[in-house]
Amino acid sequence: MPKKLRVGWFSFSCCGDSTIIFTELWNDHYKEWAKSIEFKAFSSFQKKEEISDLDVSFVEGAIASKEQEDKLIKIRSVSQKLVAIGACAVMGLPGGQRNNFDAKTIEEISPILMRFNYNQKVKKISEIVAVDEVVPGCPMDENIFLLLINKYLGEFGII
Ligand code: SF4
């Protein structure tokens, strides 16, 4: 069986638009990528989520809770490369705009934070784990993403 790039795609607190972009790219590149990429985790495509032995993890969205932080740390620990996808993951915004709310607004939303166990502050990915590469944009810049995935397919000896 030819080796495939073992990929995880993870979405945290965000609108998921980079996932939509990636899904469109997958449709466009299906013939080449189906032979060279294996999804170990991608909740938009499949139910199973194997967070182990990943070549590359793509992480979309900002981190808003301890539970999300723990999952991100686990993803990092089993990924050879980790890529922050889109502005929310790269910069923490716009997904973390509540960090800039005034005191009155924070008081108003505090019951929601408590109910869902959210942290007081939303974090970008690099505040929690080391990031190897970033794909900026809101949603992500698909041209940068394409360059990156081709780079990894080459680096990991797939193509
Ligand atoms: S960066 Fe933009 S498109 Fe991506 S999750 Fe955040 S708000 Fe949505």
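Because the structure is predicted, anything quoted here is derived from the model rather than measured.

1. Comments concerning the nonpolar core
Okay, so step 1: By size, the foremost hydrophobic cluster in this structure holds 25 residues, and its most contacted members are Leu-5, Phe-22, Trp-33, Ile-37, Phe-58, Met-140 and Phe-145.
Okay, so step 2: In this view, Leu-5 contacts Ser-36, Ile-37, Glu-38, Asp-55, Val-56, Tyr-152, Leu-153, Phe-156 and Ile-158; residues no more than four positions away in its chain are not counted.
Okay, so step 3: Residues Phe-10, Ile-75, Ala-84 and Ala-89 belong to the second largest nonpolar core, which totals 15 residues.

2. Overview of the pattern of salt bridges
Okay, so step 1: A full pass over the atoms with the stated rule returns twelve salt bridges.
Okay, so step 2: One salt bridge in this structure joins Glu-50 and Lys-40, with 3.3 Å as the shortest N-O distance. Separated by ten residues along the polypeptide, Glu-50 in the loop between β2 (37-42) and β3 (54-60) and Lys-40 in strand β2 bring together distant segments of the chain.
Okay, so step 3: For Glu-69, the salt bridge goes to Lys-123, with nearest N and O atoms at 3.0 Å. Taken as a pair, Glu-69 in helix α3 (residues 66-77) and Lys-123 in strand β6 (residues 118-123) lie far apart in primary sequence, 54 residues in all.
Okay, so step 4: By relative accessible area, Glu-69 is classed as buried at 14%.

3. Considering a nonpolar patch on the surface
Okay, so step 1: A contiguous nonpolar patch, built from Ile-112, Phe-116 and Tyr-118 and spanning about 270 Å² of accessible area, is present on the exposed surface.
Okay, so step 2: Its location among the elements puts Tyr-118 in strand β6.

Cut-offs applied
- Residues numbered from 1 in each chain as written.
- Predicted model: local features only at pLDDT ≥ 70, side-chain atom pairs only at ≥ 80, totals over all residues.
- Heavy atoms only, no water.
- Core = buried A, V, L, I, M, F, W, Y, C linked by side-chain atoms within 4.5 Å.
- Buried < 20%, exposed > 50% of the residue type's maximum accessible area, 1.4 Å probe, protein only.
- Contact = heavy atoms within 4.5 Å.
- Salt bridge = Lys/Arg side-chain N within 4 Å of Asp/Glu carboxyl O.
- Helix = DSSP H or I, 4+ residues; strand = E, 2+ residues; numbered from the N terminus.
- Patch = residues over 30% accessible without salt bridge, like charges linked within 9 Å, V, L, I, M, F, W, Y side chains within 5 Å.
- Areas by Shrake-Rupley, 256 points an atom, 1.4 Å probe, with all protein chains shown as cover.

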